[in-house]
Amino acid sequence: MQSTLHFVGGAEAVTGSNFLLEDGDNKVLIDCGLYQGGHACDETNWSVFPYDPKSISTLIVTHAHIDHIGRIPRLVKEGFKGTIISTEATKALVKPLLEDALELLAREAHRCGREPLYEKKDIAAAMKLWKGIPYHEEKKLVDFTLTLLNSGHILGSAMAKLERGGKRIIFTGDLGGGNSPLLSLAEHIETDYLVMESVYGDRVRKEDVDRREQLENIIEDTISRGGTLLIPAFSTERTQDLFYEIRTLMVEKRIPQVPVYADSPLAEKITEAYLKYPEYFNDKIRKLVEGGTNIFEFPELHYVKDAEESRTIAAKPGPKIIIAGSGMSNGGRILEHDKHVLPDKNSTLLIVGYQAAGSLGRRLIEGEKQVTIMHEKVAVRCRIEANFGYSAHMDGEELLEFVNKAKPVKQIFVVMGEPMASSTLVQRIRDFLGLRATAPDMGDKVTLEL
Ligand SMILES: [Zn+2]
């Protein structure tokens, strides 16, 4: 049997994940994500899908990050009427994330004179088509059999395995490197074809420092100087990881009891959703949650209610910790805090996640000494620290080892990375493992024996 795999998004780029597997009338889409990083107004987000949304029978969603789900309501608006399948936890996280993206996209659309990408009713319509299933439950999609496997990236994140006639293809979505204190490791896999992410395909994290110890040191140092520790964080996973870690450090009295402000209404909703799906945590955390411990709550943690309170807190002197979005500092409440923290030599900006090329976060890591925030020139005098110990992605070594354990894979398609990261991983897979690997271009299609 033969099927065709189309790379219709997420090739030659980290974001915009979108793949189409088809055999005649059986058309299965994997992810339908937004392009991010540069401009939300990006033409690619508004351009028509290179397939007819009405013809798609099933959309499989690997996980609840906007670069994997952000164009789903648009797909529905353009006529998709099939079934959407993900894990139950992913389904619970998606709605608040899409509603939040809707506001941001509406502002951007207005700014660049476009119609909104979608409306609230399109999100509601998408949710009606959505079915949550647990890991490892087999689901028939005409003659393909779908199984979702744990990818250890964020709560509920999955690899999608499709099987037919004894042949298998796995779409990894994003792969976690075992750094979350909350999740268990990505599963080992066996497959014939592999479509894999490569965000950190060309990088290796420093493993010699204990990430919790590093966090403890940065907090202690900043507090002793009376400064603010500002952590730009994505609302999903990284924020919950940090709440759990800071809670642990405070409960164990390893850091002083200073106020911790969570300045993201979205993060609050996501944190609530996390607690409803304890079966998706690792065993240790699941037992704590099922035993009644709220692993994300401690007396010093305060959720900031609105933008006005956010501004008051930003201007308030004295030691404190602020966790705010967006994670790449390219919008959101973080910008108001940046204006106060960046010029202050006693404060620290701590980067804990992937920063796309061109984002403010990336430019700060690269050492820019002056940046423009909301038309204001801001000098950078604070300490800039990066702790990738909380990265939700496998690094280059871990990706290679993941493929090595899955050997023998017939063919590997390396996607979802900047071109340099993808091509480095392709080369390493060929050189070290002797397997067939390519980094497809956007729009490529290949025939599979499946
Ligand atoms: Zn992701």
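Sequence order as written defines residue numbering, which begins from 1 separately in each chain. The predicted nature of this model means local features are confined to residues of pLDDT at least 70 and side-chain atom pairs, given and counted, to a pLDDT of 80 or more, with totals for whole chains, interfaces and linings taken over all residues.

**Re the overall build of the protein chain**
Consideration 1: Each helix is a run of DSSP H or I of at least 4 residues and each strand a run of E of at least 2, with the numbering of both proceeding from the N terminus. Each helix and strand counted, the protein chain has 14 helices and 22 strands in total.
Consideration 2: For the radius of gyration, the atom set is restricted to C-alpha positions; the globular benchmark scales as 2.2 Å times the number of residues to the power 0.38. For the protein chain, the C-alpha radius of gyration of 22 Å lies close to 22 Å, the compact-globule estimate for 450 residues.
Consideration 3: Principal axes of the C-alpha set define a box for the protein chain whose edges measure 65 × 50 × 45 Å.
Consideration 4: Among the 450 residues that make up the protein chain, the fraction classed as buried is 48%. With C-beta atoms placed from the backbone, a residue is buried if 20 or more other C-beta atoms are within 10 Å of its own, exposed if 12 or fewer are, and partly exposed between those counts.

**Here we look at the packing of helix α4 (residues 88-111) against helix α8 (residues 265-275)**
Consideration 1: With axes taken as lines fitted to C-alpha atoms, and helix axes fitted only over the stretch in contact, angles between N-to-C directions fall between 0 and 180 degrees. As a packed pair, α4 and α8 sit with axes 9 Å apart at the nearest point and diverge in direction by 170°. When the axes of α4 and α8 are compared, the pair comes out roughly antiparallel. Between α4, through Ala92, Leu93, Pro96 and Asp100, and α8, the contact on the second element is made entirely by Leu266, Lys269, Ile270 and Ala273. For classification, angles of less than 35 degrees are called roughly parallel, those exceeding 145 degrees roughly antiparallel, those between 65 and 115 degrees roughly perpendicular, and all remaining angles oblique. C-beta atoms are placed from the backbone for every residue, and two residues are taken to be in contact when these atoms lie within 7 Å.

**Considerations on the sheet that holds strand β4 (residues 58-60)**
Consideration 1: Being paired, for any two strands, means DSSP has found at least two bridges between them. Taking strand neighbours across the sheet as the criterion, the 7 strands line up as β6-β5-β4-β3-β2-β1-β22 in an open arrangement whose pairing is mixed. Each of the sheet's edge strands pairs with one partner strand only, and the pair in question is β6 (130-133) and β22 (445-448). For this sheet, the mean inter-axis angle between neighbouring strands, taken without regard to orientation, is 25°.
Consideration 2: Lying over the sheet, α4 contacts β5 (83-87) and β6, oriented at roughly 110° with respect to β5.

**Focus: unusual backbone geometry**
Consideration 1: Ser326 follows Gly325 through a cis peptide bond whose omega is 10°.
Consideration 2: Along the polypeptide, Ser326 turns up in the loop between β15 (320-324) and α11 (334-341).
Consideration 3: The backbone of Glu237 sits at a positive phi, close to 75°, despite the residue not being glycine.
Consideration 4: A positive phi is found at Met374, a non-glycine position, where the angle reads about 50°.
Consideration 5: Mapped onto the elements of the fold, Met374 is located in the loop between β17 (370-373) and β18 (376-379).
Consideration 6: Given 9 C-beta atoms within 10 Å, Met374 falls into the exposed group.

**A word on the domain arrangement of the protein chain**
Consideration 1: Domains are outlined according to an automatic or database domain assignment. For the protein chain, the domain assignment lists domain 1 (3-203 + 392-448) and domain 2 (211-390).
Consideration 2: Across the contact, 27 residues belong to domain 1 and 26 residues belong to domain 2.

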